[in-house]
Amino acid sequence: MTASRCATAAVAAAALVFGIGTASAQQNVRTATSWPGGVHLEQFAQGFSKQVDSLTGGKVKFQVFPAGTIGSPLKITESVQKKVAQAGHSWPGYDWGLDKTAAVFGGYVGSPPAEALLHWIYVGGGIDLWRQWRMEKFGVVALPCGSHSDEIHMVSRKPIRKLEDLKGLKLRTSGAWAEIANNLGASTVILPGGEVYPALERGVVDAIEWATPGINLPLGFHKVAKYAILPGVHQPGAVLECVFDKALWDGFDATTKKQIEAAAKLSTIESWMNINLMDADALAKLKSEGVEFIRVDQAYIDGVAKATREWEDKYMAADGGWFKKVVESQRAFMARWKPSAEYRSEFR
């Protein structure tokens, strides 16, 4: 046997013994996203991809593409359904126009607080409902795939303190809040991430909401709108999502499926912790750069809560089905979670 053949045999033997992937064994998965860049792309979507790469030993690689590269950034599920992409990373609430249940899973104005939302998903039955709903209604496999806590309610060119201040406000938002804020007098518009800053800068909108302080800061919204409105009643927590083509998922063996599920959960918990700390640092930075923080009054908070309950009850009665089932599941979980305030200091 020649030296070259010996070397080739040795590499092949090592691959068999240690499970080292070869080019032919590696599976590349084209993954569409809603994110043009920044934290959503780099920490959430690419973070999930790195976790999968690590846990599968390079066997599966999710190739993450920025928003608009594959399909519409607001229609990631559709891109996977139509097999334009094999997988996608997005926020489920972008599908709320097709099914209001989407907003409930992703976090919305009526959601449990952020920590309770994660508990509901992972130990309160939420993840099972989520996966069943996605398969039944959309024919795709879904996993929670990233999370963060309360958002900034609005970055605004105008001060907002009372419900009356919403009247006529041109507001970029998405999900359930787009409808509820509209019911409260705002003029809402849904824009993908890449269009949010230009719309605020040019005055196409008066205010925008886009995630948390740490995600906001590098995008520079505060440079064109000086008011940050708190608290984030429209989004007390958010959970992102990975969706997979069913044929792709069915093609994975049982071990690989477990590894991908573990990667999704790990990226969800890691992003939760990383962004919470990033938010604390960003809040201080935004204040140092002259951002004026305004807290809305209690009547505003109560009015939003009332309008949200009416919105939920309306669609529970009209649509029933999955929407009713998931809202009732969250409400029951929150009744179970409520005693936490009696002994958890951070809830007081």
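Use the structure listed above.
Residues numbered from 1 in each chain as written. Predicted model: local features only at pLDDT ≥ 70, side-chain atom pairs only at ≥ 80, totals over all residues. Heavy atoms only, no water.

A. Representation of the overall build of the protein chain. For the protein chain, the count of helices and strands is 13 helices and eleven strands. Scaling as 2.2 N^0.38, a compact globule of 348 residues should have a C-alpha radius of gyration of about 20 Å, and the protein chain matches this with 22 Å. Here the C-alpha coordinates of the protein chain stretch approximately 85 × 45 × 45 Å along the principal axes. Classification of the 348 residues of the protein chain by burial places 50% in the buried group. Of the contacts made within the protein chain by residues no fewer than 6 positions apart, 77% connect residues no fewer than 24 positions apart. Of the side-chain charges in the protein chain, 39 are positive and 36 negative, and the distance between the mean point of each set is 2 Å. (Helix = DSSP H or I, 4+ residues; strand = E, 2+ residues; numbered from the N terminus. Rg over C-alpha atoms; globule rule 2.2 N^0.38 Å. Buried < 20%, exposed > 50% of the residue type's maximum accessible area, 1.4 Å probe, protein only. Contact = heavy atoms within 4.5 Å. Lys, Arg positive; Asp, Glu negative; His and termini not counted. Charge placed at Lys NZ, Arg CZ, Asp CG, Glu CD.)

B. Broad picture of the state of the cysteines. In the structure shown here, the tally under the stated rule is one disulfide. In this model Cys 145 forms its disulfide with Cys 242; the gap between the sulfur atoms is 2.2 Å. In this structure, the disulfide formed by Cys 145 and Cys 242 twists by about -65° around the S-S bond and is classed as left-handed. Of this pair, Cys 145 sits in strand S4 (residues 140-148) while Cys 242 sits in strand S10 (residues 238-245), and the two are 97 residues apart along the sequence. Here the two residues Cys 145 and Cys 242 agree in accessibility, since each one is buried. (Disulfide = S-S within 2.5 Å.)

C. Here's a closer look at the environment of Ile 215. Along the chain, the position of Ile 215 falls in helix H9 (residues 213-216). Its relative accessible area of 2% is what places Ile 215 among the buried residues. The spacing of Ile 215 and Glu 201 is 14 residues in sequence and 18 Å in space, taken between C-alpha atoms.

D. Broad picture of the nonpolar core. Residues Tyr 108, Trp 120, Met 154, Trp 177, Ile 180 and Tyr 300 are the most contacted members of the largest nonpolar core, which totals 58 residues. Once residues within four sequence positions are removed from consideration, Ile 180 is found in contact with Val 109, Ala 307, Thr 308 and Trp 311. If you look at the next biggest cluster of nonpolar residues, it comprises 28 residues, including Phe 44, Leu 191, Ile 275 and Val 291. (Core = buried A, V, L, I, M, F, W, Y, C linked by side-chain atoms within 4.5 Å.)

E. Inspection of the sheet that holds strand S5 (residues 154-156) at higher detail. Read from one edge to the other, the open sheet built from six strands follows the order S7-S6-S8-S5-S9-S11, with strand pairing classed as mixed. Either end of the sheet is taken by a strand with one partner, and the two such strands are strand S7 (187-189) and strand S11 (292-295). Taken together, the three bridges between S5 and strand S9 (residues 227-230) define a ladder with antiparallel strand orientation. Bridge assignment links Val 155 to a residue of S9, and that residue is Ala 228. (Pairing = 2+ DSSP bridges.)

F. How the structure looks around the sheet that holds strand S2 (residues 60-64). Taken in spatial order, the five strands line up as S2-S1-S3-S10-S4 in an open sheet, and their pairing is mixed. Since the sheet does not close on itself, it has two edges, and those belong to S2 and S4, each with one partner. The average undirected angle you get between the axes of adjacent strands in this sheet is 25°. With three bridges joining them, strand S1 (residues 27-33) and strand S3 (residues 87-90) adopt parallel strand pairing. Note that in S3 the partner of Thr 31 across the bridge is Ala 87. Packed on one face of the sheet, helix H6 (residues 126-138) meets S4 and S10 and runs near 135° to S4. Each of S2, S4 and S10 is contacted by helix H11 (residues 254-288), which is oriented at about 25° to S4, the strand it contacts most. (Axes fitted to C-alpha atoms, helices over the stretch in contact; angles between N-to-C directions.)

G. Summary view of unusual backbone geometry. A cis amide bond, omega -10°, links Leu 230 with the succeeding residue Pro 231. Of note in the backbone geometry, Lys 83 takes a positive phi value of approximately 65° without being a glycine. Its location among the elements puts Lys 83 in the loop between helix H3 (76-81) and S3. According to the relative accessible area criterion, Lys 83 is exposed, its value standing at 56%.

H. The arrangement of the pairing of S9 in detail. By the alternation rule, side chains of S9 split into Tyr 227 and Ile 229 and Ala 228 and Leu 230, which are all buried. Where S9 lies against S11, four bridges are found, and the strand directions are parallel. Bridge pairing in S11 places Ile 229 opposite Ile 294.

I. Quick look at the pairing of S4. By the criterion of burial, S4 is predominantly enclosed, with nine of the nine residues buried. Sheet topology note: the S4/S10 ladder contains seven bridges and is antiparallel. Following the sheet pairing, His 148 is matched in S10 by Ala 238.

J. Inspection of the environment of Gln 330 at higher detail. You can see Gln 330 is positioned in helix H13 (residues 321-337). For Gln 330 and Leu 117, which are 213 residues apart along the polypeptide, the C-alpha to C-alpha distance reads 8.3 Å. Discounting residues that sit within four places of it in the chain, Gln 330 has contacts with Val 104, Tyr 108, Ser 111, Pro 112, Leu 117 and Trp 120.

K. Focus on H6. With 13 residues, H6 should reach 18 Å at 1.5 Å per residue; the first-to-last C-alpha distance of 17 Å fits that figure. For H6, every residue scored as buried is listed here: Gly 126, Ile 127, Leu 129, Trp 130, Trp 133, Arg 134 and Phe 138. Looking straight down H6, one finds its buried side chains confined to an arc of 160°; they lie on one side. On the buried face of H6, the contacting elements are H3, helix H4 (101-106), helix H5 (114-123), S4, S10 and H13. Following H6 by one or two positions, Gly 139 adopts a phi angle in the positive range, close to 70°. (Expected span 1.5 Å × (residues − 1). Arc of directions from axis to C-beta.)

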